[in-house]
Amino acid sequence: MSQDRPHVGLFVTCLVDMMRPSVGFASVKLLEQAGCTVDAPAAQTCCGQPAYNSGDRATTRQIALDMIEAFEPFDYVVAPSGSCAGMLRKHYPGLFEQGSRERERAEAVAAKTYELTSFLTGIMKMKSVDAALDQNATYHDSCSGYRELAIKDQPRKLLKTVKGLTLTEMKDAEICCGFGGTFCVKYPDISNNMVTKKIANIEASGADLLLAGDLGCLMNMAGKLKRQGSKVQVRHVAEVLAGATDMPAIAERDE
Amino acid sequence: MNQTPTSRNFKRNTAGALVNEQLQRALSNVPAGFVDKRARARDKLPEFDALRDQARDIKNHTLAHLDLYYEEYEAKVAASGGHVHWCETADEACKAVVEICKSHSARTVTKGKSMVSEEMNLNAALAEAGVEPVETDLGEYIIQLRGETPSHIIAPAVHLNKDQIEADFRATHTGLPPERNLEEGAALVYEARQILREKFIAADIGITGANMLIAETGTSVIVTNEGNGDLTQSLPKVHIVLATIEKMVPTLEDATTILRLLARSGTGQEFSSYTTFSTGPRREGDPDGPDEYHVVILDNGRTKMLGSDFQEMLRCIRCGACLNHCPVYQAVGGHAYGWVYPGPMGAVLTPSLIGVDEAGHLPNASTFCGRCEEVCPMRIPLPRMMRNWREREFERHLSPATVRSGLSLWAFFAKRPRLYRLATGFAARFLHLWCGGDGKLETLRFAGGWTKHRDFPSPEGRTFMAQWKNRNG
Ligand code: SF4
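Residues numbered from 1 in each chain as written. Chains lettered and ligands numbered in written order. Predicted model: local features only at pLDDT ≥ 70, side-chain atom pairs only at ≥ 80, totals over all residues. Heavy atoms only, no water.

Things to note about the pattern of salt bridges
Keep this limit in mind: Throughout this description, the term salt bridge denotes a Lys or Arg side-chain nitrogen within 4 Å of a carboxyl oxygen of Asp or Glu. Secondary structure counts use DSSP, requiring at least four H or I residues in a row for a helix and at least two E residues in a row for a strand, with both numbered from the N terminus. Accessible area is worked out with a 1.4 Å probe on protein chains only. A residue is then buried under 20% of its type maximum, exposed over 50%, and partly exposed in between.
For the coordinates displayed, the defined rule picks out 45 salt bridges over all chains. In this structure, the salt-bridge partner of E72 of chain A is R105 of chain A, at a minimum N-O distance of 2.6 Å. Taken together, the residues span a long stretch of sequence, with E72 of chain A in the loop between α4 (57-71) and β3 (76-79) and R105 of chain A in helix α6 (residues 101-111) at a distance of 33 residues. A salt bridge links R156 of chain A to D141 of chain A, with the nearest nitrogen and oxygen atoms 2.9 Å apart. Of this pair, R156 of chain A sits in helix α9 (residues 153-159) while D141 of chain A sits in the loop between β5 (136-139) and α8 (143-149), placing them 15 residues apart in sequence. The burial state of R156 of chain A is the same as that of D141 of chain A; both residues are buried. Through salt bridges that share partners, D49, R52, D53, R56, D57 and R379 of chain B make up one connected network.

Here's the deal with a nonpolar patch on the surface
What counts, and what does not: Like charges within 9 Å and nonpolar side chains (Val, Leu, Ile, Met, Phe, Trp, Tyr) within 5 Å are joined into patches, using only residues over 30% in relative accessible area that form no salt bridge. Calculation of accessible area relied on Shrake-Rupley with a 1.4 Å probe; when residues are assessed, cover is drawn exclusively from the protein chains displayed.
A surface patch of nonpolar side chains, about 280 Å² in accessible area, is lined by F412, L419 and L422 of chain B. For L419 of chain B, the position within the fold is in helix α23 (residues 417-435).

Examining the domain arrangement of chain B
In many reports, interface size means the accessible area that the parts give up when they come together. Rules: Each domain's extent is set by a domain assignment, obtained either automatically or from a database.
Each assigned domain of chain B is listed here: domain 1 (19-298) and domain 2 (406-471). Of note, the centres of domain 1 of chain B and domain 2 of chain B, computed from C-alpha atoms alone, are 53 Å apart.

Observations regarding the pairing of strand β7 (residues 238-244) of chain B
Each regular strand displays side chains that alternate between the two surfaces of the sheet. All names here are of chain B. Rule in force here: The pairing criterion for strands is at least two bridges between them, as found by DSSP.
Among the seven residues in β7, seven count as buried, and that is most of the element. Residues of β7 alternate between two faces, with V238, I240, L242 and T244 on one and H239, V241 and A243 on the opposite face, all of them buried. Of the pairings in the sheet, the one linking strand β4 (residues 205-208) to β7 comprises four bridges and is parallel in character. Across the sheet, residue T208 finds its bridge partner in β7, namely V241. Sheet analysis places β7 next to strand β10 (residues 292-298), joined by seven bridges and oriented parallel. Bridge pairing in β10 places I240 opposite H294.

Brief notes about helix α2 (residues 21-33) of chain A
All names here are of chain A. The criterion, for reference: Helix span is expected to be 1.5 Å times the residue number reduced by one.
Under the 1.5 Å per step criterion, the end-to-end length of α2 is 19 Å for 13 residues, consistent within 8% with the ideal 18 Å. Burial analysis of α2 places ten of its 13 residues in the buried class, which makes it a mostly covered element. The set of residues buried in α2 consists of P21, S22, V23, G24, F25, A26, S27, V28, L30 and L31.

A few points about the side chain of D141 of chain A
Short version of the rule: In what follows, residue pairs with any heavy atoms lying within 4.5 Å of each other are defined as contacts.
D141 of chain A sits in the buried class, given a relative accessible area of 2%. Excluding residues within four positions of it along the chain, D141 of chain A makes contact with Y146, I151, K152, R156, A173 and E174 of chain A.

Here we look at unusual backbone geometry
The phi dihedral of K125 of chain A falls on the positive side, at around 55°, and the residue is not glycine. For K125 of chain A, the location among the structural elements is in the loop between α7 (116-123) and β5. If you check the backbone angles, R379 of chain B has positive phi at about 50° while not being a glycine.

A few points about the environment of T108 of chain B
All names here are of chain B. Checked against the element boundaries, T108 lands in strand β2 (residues 108-111). The sequence separation of T108 and A321 amounts to 213 residues, and the corresponding C-alpha distance is 33 Å. Non-local contacts of T108, meaning those with residues more than four positions away in its chain, are made with V131, E132, A202, A203, D204 and I205.

Considering the sheet that holds β2 of chain B
All names here are of chain B. For clarity, the threshold we go by: Fitted lines through C-alpha atoms serve as axes, helices being fitted only where they are in contact, and the angles separating the N-to-C directions of these axes extend from 0 to 180 degrees.
Strand order in the open sheet formed by six strands is β1-β10-β7-β4-β2-β3, and the pairing between neighbours is parallel. The sheet is open, and its two borders are formed by β1 (83-87) and β3 (132-135), each paired with just one other strand. Neighbouring strand axes in the sheet, compared pairwise and without regard to direction, differ in orientation by 25° on average. Here β2 pairs with β4 via three bridges, running parallel. Residue pairing across strands places V109 opposite I205, the latter belonging to β4. Running over the sheet, helix α11 (residues 185-202) touches β2 and β3 and is turned about 135° from β3.

Some thoughts on the interface of chain B and chain A
The condition that has to hold: A simple way to read buried area is as the amount of 1.4 Å-probe accessible surface that goes missing from two parts once joined, with both sides added. Between N or O atoms, a polar contact is any pair within 3.5 Å; within protein, one atom must be a potential hydrogen donor and the other a potential acceptor, and residues adjacent in sequence are included only when both atoms are from side chains. Residues are grouped as follows: Ala, Val, Leu, Ile, Met, Phe, Trp, Tyr, Cys and Pro are nonpolar; Asp, Glu, Lys and Arg are charged; every other residue, Gly included, is polar.
Taken together, the contact between chain B and chain A spans 62 residues of the former and 70 residues of the latter. Buried area between chain B and chain A, summed over both chains or domains, comes out near 5800 Å², and the portion from carbon and sulfur atoms is 60%. Connecting chain B to chain A are seven salt bridges. One salt bridge connects E32 of chain A with R471 of chain B, and the closest N-O pair in it is separated by 3.6 Å. Applying the counting criterion to the chain B and chain A interface returns 29 residue pairs in polar contact (both at pLDDT 80 or more). Ranked by residues supplied to the side of chain B that touches chain A, first place goes to α23 of chain B with seven residues. When its residues are assigned to classes, the side of chain B that touches chain A shows 28 nonpolar, 17 polar and 17 charged.

Rendered as structure tokens:
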């Protein structure tokens, strides 16, 4: 590791890559501001959760090995997602037999994998960001980030330094929004019950901007808010922290 | 009462539950009634998490030496004059209970709350043998009147609202003045008590469950809030305890540790109103107690869980915290799960007991939000075990064909980064164009489950990786 500029492998995550690349660029900007050299290795695809959570362990293992290989050369692996970072950090090692070479490699990658805001505050000791936004935001704590990686204060700490931004807590911020990957299409009606309750809490907070650290949850909540005709805008926390809010918010029409 | 599983129809069950306004109204009380109370109880006990570790270790140790502890337990029960009946299946357990009833020519039995009895479908077996079972736990009493099954492991009637219960009481307790006021919950409790008093006195046999069995003393423990369990087990001449093999703890001390977690996790109380220890029948000089004390211990497939991926489920103390905190349970209630055990603990336990073919939906109907594991006093890794069930289903090709083919198509690309880039690049552009600058789609054929309830946000147009490649040459 070069002492002053850690070499970070950005794990863009499949959803950010395909749906909202600006979150990826916002992450790069923040990481560079924090003093890192960033690269996004071309061999990355997805963390493998669709297979893992469907019970397909063999496919998960293959994808995990590819990912491990892609990210082994870096000092750190950072993802703008608690769920995908959690997959690498908490679940990859268990895919391989104790004592095997693969297990060792998985553990090494797991140990250096972080969710974006926890990496910025915890490892890079970032105290503030250079951004401004005149809005009233509320923050949804995505399940994996909150329960697997203990992400709660990290994004809030940084958001408090965004000029002009007010942070208003909603009720039950850490209760699941009903996304759950394939869950929301396999059990759409249950998912709808959950996201409806979430949306009610978001609206009740009085905030005009919803933030979170996971694009899946954000798309779910944005989709529901827009279906209900809500005015609340939805963005990934990285966009706000990087001052990259010129893109239309999620599910919002082009200006 | 019918315990034929309907877990297979989970989707249909949930569809009904989600539009059942009475049910939704009743379920909306769960957060304030259980979740908030548990949080307060936990906050008041600084050593709460340390106790969870201890409790986990106690049960792990017990499960590792279960045979030894049962030897000790059985010897202690025998020494105190009681009898232990080992039953491999629910049928055998029902037979054992019916035999005891017959040998005493029992006409009515009172029953304390017991999920094992539900698992055995005991009430049906008793009725068939000409014995009238009377549920004495208020919630159980209510659902017995309604011909329903419990929808929660500690709050069996949580799916009901007070006005529904009032209507049931008026329809059933026809001997009472119709103009009586039953608006307050307390009035309902009072009325049920009056009715049950007579039943307690008339009962030939009392049947209770057991929250724990204690090896060093041969004791069974029950906790209740109504005192009905005490009347059930001490008034009749015969007390039958129903338990399953995982109820064992080695010592009184261990039982105390677990009791400190049980009520706090379940109802948010520091302790339940009544905690009762029973050791054998009445002794010379005892002021009360039964003449006979029987313990029916049911396996019903649990020994097969020992040493498997699902062994840790046998630490469960049936506190109900995982149900109370589960957003899926809160959305659909307990009956939708289609068998005795609902919620996250049911999603793991039910496939073990009735087979994953029947109960395959249950471990799938979870977002893996992890709240169950977060609150489980016994630190049971419920999401991990739900995933283990999904793996079994996948291996046995029980997962739906659409899921399998979708997954294999996705996996084909995910394992080939270059093709993956092409495919995602195409999809992102295509969907973006399709949205036509509107930011979202209101219908999307291949994701009907999504767009049935929400819009589909438009992708920005070009993938990150394509732009990154350009930027960095
Ligand atoms: S699994 Fe845990 S939380 Fe759920 S009932 Fe059992 S002990 Fe309680």
